[in-house]
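Structural overview
One letter stands for each residue in the lines below.
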Amino acid sequence: MMMLFSRRQAICAAGAALATPLAAPYVARANIQISPFTNRAYSKRAIELVQRAVVVDMLAPIKIDFDPSYYTKALSEKETADFRASGINAIHHAVGIGGPTAKEQALSFFAIWGNFVARNSHVFTGVDKFADILRAKKDGKVAVIMGLQNADHFNRPADVKTFYQIGQRCAQLTYNSQNRIGSGSTERVDGGVSDFGVEIIKAMNEVGMLVDVSHCGDRTTLDAIEISPKPIAITHSNCRALIDHPRVKTDEAIKALAAKGGVMGITGVRNFVSKTDPTTIVNYADHIDHVVKLVGIDHVGVGTDSDLYGYDDTSPEMNKMLRGAYKDSYAFREKIDVDGFDHPLKMFDLTEELLRRKYSDANILAVLGGNFQRLLTATWGG
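Residues numbered from 1 in each chain as written. Predicted model: local features only at pLDDT ≥ 70, side-chain atom pairs only at ≥ 80, totals over all residues. Heavy atoms only, no water.

Here's the deal with the environment of Ile254
To keep it simple, the criterion reads: Runs of H or I in DSSP of at least four residues are treated as helices and runs of E of at least two as strands, each being numbered from the N terminus. Per-residue accessibility, obtained with a 1.4 Å probe over protein chains only, is compared with the maximum for each type, and a residue is labelled buried under 20%, exposed over 50%, and partly exposed between these values. Residues count as neighbours in contact if any of their non-hydrogen atoms are within 4.5 Å of one another.
Counting through the fold element by element, Ile254 comes out in helix H9 (residues 251–259). Look at Ile254 and you get buried, because its relative accessible area is 1%. For the pair Ile254 and Met264, spaced ten residues apart in the sequence, the C-alpha separation amounts to 7.7 Å. Not counting chain neighbours up to four residues away, the residues in contact with Ile254 comprise Cys239, Lys249, Met264, Val291, Leu294 and Val295.

Structure, rendered in structure tokens:
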């Protein structure tokens, strides 16, 4: 969901970090572990599943904070401990850009956050191939997948290779608005993928950059799935069959995505989950259930669209800025986060909910990251 508002904010809009799963104060070691965030007791089975899984969150900025001083500092001890306990092995670090300075914004973003990852190399590692994520898990580090929630910085098809070479591994084709590639989800008219967009999709497939249509309009989403010879992703969206919202996906789109071998990550933004309160992790898991029933277990994963702590923990000024960046059709409510899915141990809570719904161990491992592992390996190699 996060959008950059200017070059200054492009530099600092989000983080790209997770920390090592070492001996944090509340790492689950016993049969039952109490969460310090919710006072919930986790089962031994849930703990072991998260520890076994390659947990991939396909949209997870490190910090919902536009203060330019944030990226100049190392992770705090608290953040480090929370990431170490989270069980998350890889995040897709991406924010929204756009407009006439999109390329400048993108270059600043990759320079600053690539440097941030390097300066915190005891915690993070960059990503070229999926093997880097597997190695990060083995080494007790977290892999940072560098991406952007728009492709407005591609002024020509050759730019795709340039950005791939500096580390970009995923790009949304559009944010919420129209660009030269296609239409965003809140545009009044969706004209689908343009001729220029066809060339960009071709270039992305050639270099091995994942195509993402999370914020695209309905027609643009279907066009991109059809045009791309390789499977693509909806890294963070939900199901319109469960909530009528322009930013979530139709059954037609989900079926088309799955037919090509793609994967859809489910987001925890409250107004994309349920129209009524309370909105809890139960409602979140309903979207996973819907995808599974519609197209099978192989095509659903997690894309929280949030940092470890959630939108509702931001300052009043930041919260107001975020809300003001979107059209009324986004329909924000008093809270933005999903209850029970807004803290560093959210993956354990999700695992418990899937266990409650009688998901098998193999299916839970697929949802937590196995499905995105398959897609990303096919896209990047290794």
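Regarding the nonpolar core
Taken as a class, soluble globular proteins show a tendency for nonpolar side chains to be buried jointly. Just so we agree on the cut-off: Put simply, buried Ala, Val, Leu, Ile, Met, Phe, Trp, Tyr and Cys residues joined by side-chain atoms within 4.5 Å make one nonpolar core.
The biggest cluster of nonpolar side chains holds 81 residues, and the ones touching the most others in it are Phe154, Leu173, Met204, Ile288 and Leu350. Per-element tally for this core: the top contributor is helix H4 (residues 102–119), with eight residues. Not counting residues within four places of it along the chain, the set of residues in contact with Met204 comprises Phe154, Val160, Ala171, Leu173, Met209, Leu210 and Val211. Ranked by size, the runner-up nonpolar core spans 18 residues in total, among them Ile145, Leu210, Phe372 and Leu376.

Here's the deal with the packing of helix H2 (residues 44–52) against helix H13 (residues 361–380)
The cut-off we apply is this: Lines fitted to C-alpha atoms define the axes, with helix axes restricted to the stretch in contact, and inter-axis angles between N-to-C directions lie between 0 and 180 degrees. Should an angle fall under 35 degrees it is taken as roughly parallel, and over 145 as roughly antiparallel, whereas 65 to 115 is taken as roughly perpendicular and any remaining angle as oblique. Each crossing gets its hand from how the near helix is turned against the far one by less than a right angle, where anticlockwise is left-handed and clockwise is right-handed. Three classes are used, and their members are as follows: Ala, Val, Leu, Ile, Met, Phe, Trp, Tyr, Cys and Pro are nonpolar, Asp, Glu, Lys and Arg are charged, and the others, Gly among them, are polar.
Packing of H2 against H13 brings their axes to within 10 Å, and their N-to-C directions diverge by 50°. The orientation of H2 relative to H13 falls into the category oblique. As H2 packs across H13, the resulting crossing turns out to be right-handed. The segment H2 lies against H13, with Arg45, Leu49, Val50 and Arg52 engaging Asp361, Ile364, Leu365 and Leu368. Counted by class, the contact of H2 with H13 contains five nonpolar, no polar and three charged residues.

Considerations on the packing of aromatic side chains
As a reminder of what qualifies: Aromatic rings from Phe, Tyr and Trp, taking only the six-membered ring of Trp, are treated as a pair when their centres fall within 6.5 Å; an angle between ring planes under 30 degrees marks them as stacked, one over 60 as edge-to-face, and anything in between as tilted. Note on geometry: a ring has a charge over it if NZ (lysine) or CZ (arginine) is within 6 Å of the ring centre and within 35 degrees of the ring normal.
One pass over the structure, following the stated rule, counts eight aromatic pairs. On the numbers, 4.3 Å between centres and 35° between planes, the contact of Tyr284 with Phe341 is tilted. Highlighted residues: Tyr284 in helix H10 (residues 281–295) and Phe341 in the loop between helix H11 (316–324) and helix H12 (346–356), separated in sequence by 57 residues. As far as the burial class goes, Tyr284 and Phe341 line up, both buried. One aromatic cluster in this structure is built from Tyr71, Trp113, Phe116 and Phe124. The lysine or arginine in question, Arg169, covers the ring of Tyr164, its NZ or CZ lying 3.6 Å from the ring centre.

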